[in-house]
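Structural overview
Residue strings, one per chain:
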Amino acid sequence: MELGVRSVDQTVSTGDLPEWDRVKAFVDQAYRHSLDVHDGAVTTRIPALSQADPDLFGICVAEVTGRTYGAGDVDHPFSLQSISKAFVYALVCEAVGHDVVMDRVGVNNTGQAFDSVMAIELNDGHPMNPMVNAGAMATTALVPGDTPEAKWAFVQQGLSRFAGRDLRLDSEVYASEATTNQRNLAIARLLESYDRLDVDPVAVVDVYTRQCSLLVNAHDLAVMGATLADGGVNPLTGEQVVPASACNDTLAVLATNGLYERSGEWLFEIGVPGKSGVSGGIVAAAPGKGGIATFSPRLDTAGNSVRGQRATAFLSRSLGLNLFASKVHPHSRHR
C-alpha cells in the first residue's frame, strides 16, 4: 500500500500513567481480581512446559521513566515462547528495513491458528504476519549473520538488551521443543518451496526454537514492553535498543496479530498492543506510558493466559491504556 506520506513527519501524542501510588494500587487490585480464576489448562504441546505449576501468577508494570512495580510471582522464570517473535521482529525491522520486512513477512491476520499450514497455502506461500509461526521463522531467517551461530548471537544479545540484563537459554525447554518440532520443520520446508526462505530451513527452525527458549520473568518482560513503548529506549539502562520506527512497526503488528486467532477480541476489549506465549506470559505496551507483563500458565483454547488477559484488561481500563478510549471534552461547543 503506497500512501505517499513517507516525507511527512510522524507526530507523536501520548499521555502519562497515573501517579505512581495509584499505579501500585491498581496492580495489587488487578492481581486480586484475577487470582481466584482457575479456568484454562497448562499447555501439553511442549512436554517441558506441561510440568508448570498452574497456580503461578505474577503481574509487573514498568513505566518509561524506569519505575517498576509487581505483585505475585514476578521473579519466577519462564520461557519467552511466541513472545520472542515481537522483539526479534523489532530487531529485524532495524536490521533490514521496513520495506523488506513488509514485503517478505507481511502484517495481515491469517484468521487461522498460529501454526496453520493452510494459511500458507491459501496465501500463495506468503507467511502473512510475523506473529504466526510461519511469519516468525521468515523473520528469523532475515536476522543478520553468516552462520546459524552468528544469527543466534544477534538474537540473544538483542533480546537481552531489551530486558536490560543477559538472558540465558533454558536448555530443558529447548531440548523438549527440538524433539517435537516436526510441524515447524514442515512449515519451514513449505516456505522454502515457495522461495520465502533464503537460508537453510532446518537452521532457521533451530534459531527460532532457541529464541523461544530464552528465560525471562514478569519484571524482565515488563521492561521489554516499556522499551517498545518508549521509542526503543530501555527505561533501566537508557540504551537505544532499536529506533522508534521499529517500535512503531512492531506495536502496529502486535495490535492486530499478537493474541493468535483471538487478536481481534483482544484489541476490541483491551485496546493495547500485546503478545502472548504458550508458557503463560503476556506482554502489553502502551506507547509513551509503559509496559505490562503477566505470567500465569493456565491457557485458553487459543493459547493465551486466562488470568493474564483478565489482569491486563483490568489495568488497561484503570490506567487509561486503551488506545481507542475517549470521552466528551468538557469544553465541547456542543454541550
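Each remark here, short or long, concerns the structure printed above.
1. Regarding helix α7 (residues 171–178)
Considered for burial, the residues of α7 that qualify are Val173, Ser176 and Glu177. One side of α7 holds all its buried residues, which, seen down the axis, span an arc of 95 degrees. Of the surrounding secondary structure, the elements contacted by the buried residues of α7 are β3 (78–79) and α9 (201–212). Among the residues of α7, the N-terminal cap falls to Asp170, whose side-chain oxygen and the backbone nitrogen of Glu172 are separated by 3.1 Å.

2. Topic: the nonpolar core
For soluble globular proteins, nonpolar side chains are generally found buried alongside one another. Counting residues in each nonpolar core, the largest one holds 50 residues, and the members touching the most others are Phe87, Leu159, Phe162, Leu221, Met224, Leu228 and Val242. Of all elements in the fold, only β1 (58–63), α2 (84–96), α6 (148–163), α10 (218–229), α11 (244–257), β6 (281–286) and β7 (290–295) reach the threshold of two or more residues within this core. Ignoring anything within four residues of it in the chain, the contact list for Leu221 reads Phe78, Leu80, Ile83, Phe87, Ile282, Val283 and Ala293.

3. As for the packing of aromatic side chains
Taken as a whole and judged by the stated rule, the model has three aromatic pairs. Ring centres 4.2 Å apart and planes at 0 degrees place the aromatic pair Phe78 and Phe295 in the stacked group. Taken together, the positions of Phe78 in strand β3 and Phe295 in strand β7 put the pair 217 residues apart, joining distant regions of the chain. On the basis of an interplanar angle of 65 degrees and a centroid distance of 4.9 Å, the ring pair of Phe87 and Phe162 is categorised as edge-to-face. With Phe87 in helix α2 and Phe162 in helix α6, this residue pair connects regions lying 75 residues apart in the sequence. Judged by its relative accessible area of 0%, Phe87 falls in the buried class. Here the basic side chain of Lys275 rests over the ring of Tyr260, its NZ or CZ set 4.3 Å away from the ring centre.

4. Some details on the packing of α2 against helix α5 (residues 133–141)
In the contact formed by α2 and α5, the axes pass within 9 Å of each other and the chain directions differ by 40 degrees. Considering their axes alone, α2 and α5 lie oblique with respect to each other. As for how α2 packs across α5, the hand of that crossing is left-handed. Facing α2, whose interface residues are Lys85, Val88, Tyr89 and Val92, α5 presents Asn133, Ala136, Thr139 and Thr140.

5. What to know about the environment of Pro54
Residue placement: Pro54 occurs in the loop between α1 (20–35) and β1. By relative accessible area, Pro54 is classed as partly exposed at 26%. With 11 residues separating them in the primary sequence, Pro54 and Thr43 have C-alpha atoms 9.9 Å apart. Ignoring sequence-local partners within four residues, the contact set of Pro54 consists of Val42, Pro297, Arg298 and Arg307.

6. What about α10?
Taking 1.5 Å of rise per residue, 12 residues should cover 16 Å, and α10 covers 16 Å from first to last C-alpha, within 8% of that figure. Summarising burial for α10: 11 of the 12 residues are buried, a large majority. If you check the start of α10, you find a side-chain oxygen 3.0 Å away from the backbone N of His219, and it comes from Asn217. One or two positions beyond α10, positive phi appears at Gly231, with a value near 65 degrees.

7. Remarks on the pattern of salt bridges
Scanning the model with the defined rule gives 10 salt bridges in all. Close ionic contact of Glu149 with Arg210 constitutes a salt bridge, the shortest N to O distance being 3.0 Å. Of the two residues, Glu149 is situated in helix α6 and Arg210 in helix α9; the sequence distance between them amounts to 61 residues. Judged by relative accessible area, Glu149 falls into the partly exposed class, the value being 48%. Owing to a relative accessible area of 9%, Arg210 belongs among the buried residues under this scheme. Arg161 is the salt-bridge partner of Glu239, the closest N and O atoms lying 2.7 Å from each other. Taken as a pair, Glu239 in the loop between α10 and α11 and Arg161 in helix α6 lie far apart in primary sequence, 78 residues in all. By relative accessible area, Arg161 is classed as partly exposed at 31%. Among the charged side chains, a salt-bridge network with shared partners connects Glu149, Asp206 and Arg210.

8. Quick notes on the pairing of β1
Burial analysis of β1 places six of its six residues in the buried class, the great majority of the element. The side-chain alternation of β1 yields two buried faces, one formed by Gly58, Cys60 and Ala62 and the other by Ile59, Val61 and Glu63. As paired elements, β1 and strand β2 (residues 68–72) share five bridges and run antiparallel to each other. Note on β2: the bridge partner recorded for Ala62 is Thr68. In sequence, β1 turns back onto β2 through a hairpin of four residues, with Gly66 there showing a positive phi of about 110 degrees. Of the strand pairs in this sheet, β1 and β7 are connected by six bridges, and their pairing is antiparallel. Looking at the pairing, Val61 lines up with Ile292 of β7.

Criteria and cut-off values
Residues numbered from 1 in each chain as written. Predicted model: local features only at pLDDT ≥ 70, side-chain atom pairs only at ≥ 80, totals over all residues. Heavy atoms only, no water. Buried < 20%, exposed > 50% of the residue type's maximum accessible area, 1.4 Å probe, protein only. Helix = DSSP H or I, 4+ residues; strand = E, 2+ residues; numbered from the N terminus. Arc of directions from axis to C-beta. Contact = heavy atoms within 4.5 Å. Polar contact = N/O pair within 3.5 Å; in protein donor to acceptor, adjacent residues only side chain to side chain. Core = buried A, V, L, I, M, F, W, Y, C linked by side-chain atoms within 4.5 Å. Phe/Tyr/Trp six-rings, centres within 6.5 Å; stacked < 30°, edge-to-face > 60°. Lys NZ or Arg CZ within 6 Å of the ring centre and 35° of its normal. Axes fitted to C-alpha atoms, helices over the stretch in contact; angles between N-to-C directions. Parallel < 35°, antiparallel > 145°, perpendicular 65-115°, else oblique. Left-handed = near helix turned anticlockwise from the far one by under 90°. Expected span 1.5 Å × (residues − 1). Salt bridge = Lys/Arg side-chain N within 4 Å of Asp/Glu carboxyl O. Pairing = 2+ DSSP bridges.

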